Amino acid sequence: MDTSKELLFFFSALGAFNGIILGIYFFFFTKKRYFGNYFLGALLLALSIRIAKSVFIYFDPTLPKTYLQIGLSACFFIGPFLYYFMKASVKEIHVMPKSWKLTLIFWAILIITVGILFPYSVYPQLWRDYFVELIYIQWFVYVVFAGFTIKEVLKKIVSRKQKANPAEMWFGMIYLGNTLLFAFYFLALINAPFVSYLSGSIIFSFILYMIISILLYRKKTDDLFLLNSPKYSGKKIDSAEETILLQKLENVMVEKELYKNPNLTLQDLSKEVTISSHQLSQFLNNNVGKNFTSYVNEFRINEACKIITSNNKLTLESVGYDVGFNSKSTFFVAFKKHTGTTPLNYQLQASLV
């Protein structure tokens, strides 16, 4: 391998490796856990697998066909992850809808079943003639769906009549980069002139380095992940999503007894349910009808009532501290607000029962 090919291999392979690292970053290490970023992380991982396959097969065609099968299988998830990333961000979706789960499970079962029954190493012609076409058709359809999802953003970027904000430029860049990547792979598939099979890998590396540069050198990045203004929109989420999020909140509050932490913050709770603090605050205000403090204090007061009813030997002050209040006065005020009576009266009534 001459020097030019070595450099080409290095930069292409490095792009795939960095894609995996960046994908893991969006999964586990972003400061604020925006739901859409999980799909962005999954998208980068799927793309990295596809790119890695292209790079290694291009430079070593004698590698086992299993690598080809794994790379092509990853393509089945690139389109869905791109579309769900855009949809979750534009619509401010906080938890994964059931239809999304079923769709991803369907694609997973399909590609695993095909891979087991018709492995590439045994049926290469079947993959080339049918499965690869299905993969690219599915990928193209999801790219179109994703484009419709952010069509207003794309119009703003292209027309330049209005200045696009950083988030709109960020989403536009990710979408256009993925579209360009698909286009180069498709052109290579149909043996278009002047397009190399490795072109997609080079484009991916270039896009990835742009993303990394923005994340490294931009002092503020939170505004990149929210397409809509952080101000309250007054809009409630739909009933199905509301039920899921309410159950998720109650589970973490009860099972982990988060309310017993006197220093519990909105940010702490939002991390537990993997949505932004803004989204959680908006959900509590618009859908639950309570602010964060009232919501948490309700759990504390319910627990205090249970303790007072079952054990009259504890002082009321100690009960307040046990359930998460950091002062006696705060406990007494919150107790009366939520029950309509004082802790002492509640204790006396409980002792008479």
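Each chain has its residues counted from 1, following the order in which its sequence is written. In keeping with the predicted nature of the model, local features appear solely for residues at pLDDT of at least 70, side-chain atom pairs appear and are counted solely at 80 or more, and the whole-chain, interface and lining totals rest on all residues. Excluded from the side-chain calculations are hydrogens and water; all other atoms, namely the structure's heavy atoms, are used.

Caption draft 1: Fine view of the nonpolar core. For this analysis, a nonpolar core means a set of buried residues of the types Ala, Val, Leu, Ile, Met, Phe, Trp, Tyr and Cys, connected via side-chain atoms within 4.5 Å. Burial classification: accessible surface area is computed with a 1.4 Å probe over protein chains only, and a residue below 20% of its type maximum counts as buried, one above 50% as exposed, and the rest as partly exposed. Membership of the largest hydrophobic core comes to 57 residues, with the highest contact counts inside it found for F39, F81, F85, M86, W139, W170 and Y175. Where helices and strands are cited, they refer to DSSP runs of H or I of at least four residues and of E of at least two residues respectively, numbered from the N terminus. Breaking this core down by element, the ones donating at least two residues are α1 (3-28), α2 (35-59), α3 (65-90), α4 (98-117), α5 (124-149), α6 (151-159) and α7 (166-189). Residue contacts follow a heavy-atom distance rule, with two residues in contact if any of their heavy atoms lie within 4.5 Å. Contact partners of M86, with chain neighbours within four places excluded, come to A146, T149, I150, F171, I174 and Y175.

Caption draft 2: Highlighting the pattern of salt bridges. Every case where a carboxyl oxygen of Asp or Glu lies within 4 Å of a side-chain nitrogen of Lys or Arg is listed as a salt bridge. Counted according to the given criterion, the structure contains four salt bridges. Measuring nitrogen to oxygen at the nearest pair gives 3.9 Å for the salt bridge that ties K155 to E152. In this pair, K155 and E152 are both assigned in helix α6, three residues apart and thus about one turn of the helix distant.

Caption draft 3: Layout of the side chain of S73. Mapping S73 onto the fold places it in helix α3. Looking at S73, the relative accessible area reads 15%, which means it is buried. Sequence-distant contacts of S73, that is, excluding residues within four places in its chain, are made with I111 and W127.

Caption draft 4: Fine view of unusual backbone geometry. With phi around 50 degrees, E257 is a residue other than glycine that occupies positive phi space. Here E257 shows up in the loop between α9 (239-255) and α10 (266-272). A relative accessible area of 36% places E257 in the partly exposed class.

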